[in-house]
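Observations on the model geometry
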Amino acid sequence: MEAEASRPKQSFNVGRWIRPLIGVVVLAFILWRFWNVLFVQQVYGPDTWMRFAISGIILGGVYAVIALGYTLVYGILFMINFAHGDVMMLGAFAGFFTLEALRGTGLLNQSIFWSILSVIIAFLVGMVAATVIAVVLERVAYRPLRGAPRLVPLISAIGASLFLENAAQLVFGAQRQTYSNPTIIERNVGWTFHIGEGDVLLTYTGVLTFVLSVLLMIGLALLVQRTKMGKAMRAVAEDKQTAALMGIDVDQVISTTFAISGALAGAAGVMWGLHMGIIYHFVGFLPGLKAFTAAVLGGIGNIPGAMMGGLTLGIFEALGPAVLGMPFQLKDVLAFSILVLVLIFRPTGLLGEVLSEKKA
Amino acid sequence: MAMLEVRNVHTYYGNIHALKGISINVDEGEIVTLIGANGAGKSTTLNAICGLVKPRSGEIVLENEAIHRLPAHEVVSKGVAQSPEGRRIFGRLTVQENLEMGAFRRADAGAIQEDMRRVFDLFPRLEERRKQVGGTLSGGEQQMLAIGRAMMARPRLLLLDEPSMGLAPLLVEDIFRVVRQLNEQGTTILLVEQNALMAFSVAHRGYVLETGRVVLEGTVDELRENPEVQKAYLGG
Ligand SMILES: Nc1ncnc2c1ncn2[C@@H]1O[C@H](COP(=O)(O)OP(=O)(O)O)[C@@H](O)[C@H]1O
Ligand SMILES: [Mg+2]
């Protein structure tokens, strides 16, 4: 009895030592690198910093849109939909084939009107395709496991992710595809600004991506706050049984939640294609994982948290390696260290605490 | 002709046999109370009526229509609403949003506004707190909200599960005054209570439940006179 009681206490003490220790080490490291980069070596001029910041904000917007999908589903089912990044990938492919088809008919660049319309159609097709896939995914892979221990749907989600990636490889092939943008939003073309010693390029696709990300976030916030369905989603997230007592069809609300998260992922996929240019069957993996990190950073289940977490992570990823004077190849490592740090120091995320009290 | 008939209902939670053949009738216009100790099966009975718990056998008939196979969200459309045990307010929704959720199945915007007006007239405290989230209300206010939210469905049969639980005596009086008032305005009520004294003061008839069975039933006067009821529930 005595030994039993003392053991957990001891490990608790070790935990108390480790956390501040890691904190001090990480902080000291960051300050040292930061000092080096800014004042000792002075590697980068203001134009370079600006370039990093712009790319970070654009990337952050996309992360935020994807992160919203994780957070919506988590908020309602308390499960991580690990196949979410692959839904984004399929949305990207749907948009890709749409643009290919439009280019084939010659409409893509026929006139400015048709170019704009083509992009709109590509977004719509990408979003609808991803919506359908997300809804089917819930029906087939998650709904039958409702009520099972929480690890079970998580494993199913990982399985679904592998399935979608491999099915995409089988159907679309393993080669990388290049998105055919209409010429009015050609990649790596845009407005140029002279800052410091150099020119900074603000690409059209980047602006489009960021503006769309913001619009999607505003739209989602309005939907969740103002509409009847949004209120029902929040009610279901809090208490499914009582929501059913109100006459809310809980299954339908869950389906709708997956549909919305799918639509956001589809839009993110098409944005990714237009802005980054290259897609393939595995293209959703890294952004998916990053967006998941972003959702955890902001507090998973928390909608403003996902938006903030996405932007923060995008900016951190773009500026981090430069600030810390590290090679740029390490940007992914940096992004994921955030995940580890958040999980150690603030598992509820920056804006979280809301969900911690009743997770089951 | 009973409005609600629960006929020989058995329910299980896994292996736990919670209701062992419950039969209850509620006539239109009545207040009927279910009393019984903790764990007797009162809440389970209400949840079976609402469709949250499926009977393994037996049936539940509302105005000649079997409702025990309907999913919970469809039972609401049949005119049954519940104010659940422990209030179960949506803590992160505002008072107004909570009330809107009560009217979720309805599309008649004008009538919904009228009913919200009616709830606010009955519970002015809720109107003052209309923009506040449910989690910040006091226990008494949450109970008012739970009842108001159930009223928003415009039920013909209202199920109340322990509305007096944890409330100060004055508030309990308030709540029971509202229960009587709702009944006078035409709502049939099935009231679950641990506070038998209060329940008998408003109800017409009652059932006594013990470990999943009805052990006694009768008018409130009959139950009050019953020596076993007096001993077990009226502290005499
Ligand atoms: N969700 C549940 N899971 C398992 N057992 C339950 C559940 N709810 C109630 N029970 C059991 O069913 C029986 C009846 O409970 P309940 O209807 O809540 O009683 P009452 O409302 O009269 O206190 C009790 O034995 C209780 O332990
Ligand atoms: Mg109970």
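Quick notes on the rules
Note that residues are indexed from 1 along each chain, following the sequence as it is written. In the order they appear in the text, chains get letters beginning with A and ligands get numbers beginning with 1. In view of the model being predicted, local features appear only for residues whose pLDDT reaches at least 70, and side-chain atom pairs are presented and counted only at 80 or more, with totals across whole chains, interfaces and linings using the full set of residues. To obtain the side-chain values, all non-hydrogen atoms of the structure were included, while hydrogens and water were left out. Residues belong to a common nonpolar core when they are buried Ala, Val, Leu, Ile, Met, Phe, Trp, Tyr or Cys residues joined through side-chain atoms within 4.5 Å. Type-normalised accessible area, obtained with a 1.4 Å probe on protein chains alone, sets the label of each residue: buried when under 20%, exposed when over 50%, and partly exposed for intermediate values. By the criteria applied, helices consist of DSSP H or I runs no shorter than four residues and strands consist of E runs no shorter than two, each listed in order from the N terminus. Annotation comment: domain bounds sourced from an automatic or database domain assignment. Whether two residues are in contact is decided by their heavy atoms, any of which lying within 4.5 Å being enough. A simple way to read buried area is as the amount of 1.4 Å-probe accessible surface that goes missing from two parts once joined, with both sides added. Every case where a carboxyl oxygen of Asp or Glu lies within 4 Å of a side-chain nitrogen of Lys or Arg is listed as a salt bridge. Only Asp, Glu, Lys and Arg are considered charged, only Ala, Val, Leu, Ile, Met, Phe, Trp, Tyr, Cys and Pro nonpolar, and every remaining residue, Gly among them, polar. Aromatic rings from Phe, Tyr and Trp, with only the six-membered ring used for Trp, were paired whenever their centres fell within 6.5 Å, and each pair was classed as stacked if the ring planes differed by under 30 degrees, edge-to-face if by over 60, and tilted otherwise. If a single non-hydrogen atom of a residue is within 4 Å of a molecule or strand, that residue counts as near it. Counting of polar contacts relies on pairs of N or O atoms within 3.5 Å, with two restrictions inside protein: one atom must be capable of donating a hydrogen and the other of accepting it, and residues adjacent in sequence are counted only when both atoms are side-chain atoms. Here the Shrake-Rupley method, with its probe set to 1.4 Å, supplies the accessible areas, and only the displayed protein chains count as covering residues.

1. Comments concerning the nonpolar core
- Within the largest apolar cluster, 119 residues are counted, with the highest numbers of intra-cluster contacts made by Tyr142 and Ile248 of chain A together with Leu4 and Leu190 of chain B.
- At 14 residues, the largest contribution of residues to this core is made by helix 2 (residues 46–77) of chain A.
- In this structure, this core is formed jointly by two domains, domain 1 (2–79 + 156–233) and domain 2 (93–154) of chain B, each of which donates at least three residues.
- Ignoring any residue separated from it by four or fewer positions in sequence, one finds Leu190 of chain B in contact with Leu4, Val26, Val32, Leu34, Leu46, Ile49, Leu157, Leu158, Leu159 and Leu160 of chain B.

2. Quick notes on the domain arrangement of chain B
All names here are of chain B.
- Its domain assignment divides chain B into domain 1 (2–79 + 156–233) and domain 2 (93–154).
- Summarising the inter-unit geometry, the C-alpha centres of domain 1 and domain 2 are found 23 Å apart.
- Counting residues at the interface gives 16 residues for domain 1, matched by 13 residues for domain 2.
- Taken together, both faces of the contact between domain 1 and domain 2 bury some 1200 Å²; the carbon and sulfur share is 71%.
- The interface formed by domain 1 and domain 2 contains zero salt bridges.
- Of all the secondary structure elements, the ones that give two or more residues to the side of domain 1 that touches domain 2 are helix 2 (72–77), strand 7 (157–161) and helix 7 (169–184).
- When residues in the side of domain 1 that touches domain 2 are grouped by element, the largest group, five residues, is from helix 7.
- The residue makeup of the side of domain 1 that touches domain 2, split by class, is nine nonpolar, four polar and three charged.

3. Here's the deal with the packing of aromatic side chains
Residues and elements named next belong to chain A.
- Scanning the entire structure with this criterion turns up 15 aromatic pairs over all chains.
- Geometrically, the ring pair formed by Tyr70 and Phe292 is tilted, given 5.7 Å between the ring centres and 55° between the ring planes. Taken together, the positions of Tyr70 in helix 2 and Phe292 in helix 10 (residues 285–298) put the pair 222 residues apart, joining distant regions of the chain. The burial state of Tyr70 is the same as that of Phe292; both residues are buried.

4. Some words on the site of ligand 1
Residues and elements named next belong to chain B.
- The environment of ligand 1 is made up of Tyr13, Ile16, Ala18, Ala37, Asn38, Gly39, Ala40, Gly41, Lys42, Ser43 and Thr44.
- Contact distances for ligand 1 include 3.2 Å between an oxygen atom and a backbone N or O atom of Ala40.
- Computed on the free molecule, ligand 1 has an accessible area of 560 Å², of which 61% lies beneath the protein chains in the complex.
- Elements that contribute at least two residues to the shell around ligand 1 include exactly strand 2 (16–26) and helix 1 (42–50).
- Per element, the largest residue contribution to the shell around ligand 1 is three residues, and it comes from helix 1.
- Per-class residue counts for the shell around ligand 1 are five nonpolar, five polar and one charged.

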